[in-house]
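One letter stands for each residue in the lines below.
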Amino acid sequence: MSLDPTLLDALDSSSLRTFFALRVDFIASETSVNLIDGSGFINLTVDGEATEFRGHDPIFGTIASITGIEEKIASEAPSVSVTLLPASNAAFGEINAPENQGSIVRIWWGLVNEVTGAVVGSPELLWYGRLDTVQSNVAEHAQTCELITVSGFDRLFVKYRPG
């Protein structure tokens, strides 16, 4: 798979910055969260619909970090972890709802022109996985939720045990 030619040609421009865009389709509340790393907003087409991704969601907060895609060996499927800084206790609870296990998680990488705000070319879908577990951390002045996602291939690693 190769990068979109428009993205490749634009990489040398000084007015561009990279972005990661995250979409989580939470099963429990039937809510889609669309975030980008950093500030501002971008528009992408997702599932055939124009979708706005923002650096801050009034309910779900912001992205604190995204780990690299970890290729595992032999007995484990690839995974990605995304840490969110929820904006409210309600969001913290919703993210942690057990019913959300299996929610679809997608991550794109792309370029945005800082002068015009336009996305350059077609962003690359880097990750299409599902939510496996959430690790929560509550500190004195902050709370975080680390969404641990796995690829669809993790189901291949479940050992078959005849009845």
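Residues numbered from 1 in each chain as written. Predicted model: local features only at pLDDT ≥ 70, side-chain atom pairs only at ≥ 80, totals over all residues. Heavy atoms only, no water.

J.: Got a minute to help me understand the pairing of strand 3 (residues 41-46) in this structure?
T.: If a strand is regular, its side chains alternate between the two faces of the sheet. Alternating residues of strand 3 divide into Ile-42, Leu-44 and Val-46, all buried, and Phe-41, Asn-43 and Thr-45, none buried. Relative to strand 4 (residues 49-54), strand 3 runs antiparallel, the two sharing six bridges. Among the inter-strand pairings, Asn-43 is bridged to a residue of strand 4, identified as Glu-52. What sits between strand 3 and strand 4 in their antiparallel hairpin is a turn of two residues, with Asp-47 showing a positive phi close to 55°. (Buried < 20%, exposed > 50% of the residue type's maximum accessible area, 1.4 Å probe, protein only. Helix = DSSP H or I, 4+ residues; strand = E, 2+ residues; numbered from the N terminus. Pairing = 2+ DSSP bridges.)

J.: Looking at this model, I keep getting lost on the confidence of the model for the protein chain. Mind explaining?
T.: As a general rule, the predicted coordinates of low-pLDDT regions are not to be interpreted in detail. The predicted model of the protein chain averages 86 in pLDDT, with 83% of residues at 70 or higher. Put simply, helix 1 (residues 5-10) is where the protein chain has its lowest mean pLDDT, 70, and strand 4 is where it has its highest, 96. (pLDDT = per-residue confidence, 0-100.)

J.: Where do I start with the nonpolar core in this structure?
T.: One recurring pattern in soluble globular proteins: nonpolar side chains tend to sit buried together. Core analysis: the largest hydrophobic core is formed by 19 residues, its most contacted members being Leu-22, Phe-26, Leu-84, Ile-95 and Leu-147. The set of elements that each furnish at least two residues to this core consists of strand 1 (16-26), strand 2 (31-36), strand 6 (79-85), helix 2 (89-95), strand 7 (104-113), strand 8 (119-138) and strand 9 (143-151). The next biggest cluster of nonpolar side chains, apart from the first, holds nine residues, and it includes Ala-21, Ile-36, Trp-108 and Val-112. (Core = buried A, V, L, I, M, F, W, Y, C linked by side-chain atoms within 4.5 Å.)

J.: I keep staring at the environment of Trp-108 and nothing clicks. Help me out?
T.: Topologically, Trp-108 is positioned in strand 7. Spatially, the C-alpha atoms of Trp-108 and Leu-44 are 9.8 Å apart, while their sequence positions differ by 64 residues. Setting aside residues up to four positions removed in sequence, Trp-108 forms contacts with Phe-19, Phe-20, Ala-21, Arg-23, Leu-44, Val-46, Phe-53, Pro-123, Glu-124, Leu-125 and Leu-126. (Contact = heavy atoms within 4.5 Å.)

J.: What is the right way to read the pattern of salt bridges from this model?
T.: Pairing is possible between side chains of opposite charge, provided their charged atoms come close. One pass over the structure, following the stated rule, counts five salt bridges. Of the charged contacts, one joins Glu-114 and Arg-17 as a salt bridge, the two residues approaching to 3.3 Å between their closest N and O atoms. On the criterion of sequence distance, the pair formed by Glu-114 in the loop between strand 7 and strand 8 and Arg-17 in strand 1 is long-range, its members being 97 residues apart. Judged by relative accessible area, which is 53%, Glu-114 ranks as exposed. Among the salt bridges present, the one from Asp-25 reaches Arg-23, with a minimum N-O distance of 2.9 Å. Several salt bridges share partner residues, and in doing so they unite Arg-23, Asp-25, Asp-47 and Arg-106 into one network. (Salt bridge = Lys/Arg side-chain N within 4 Å of Asp/Glu carboxyl O.)

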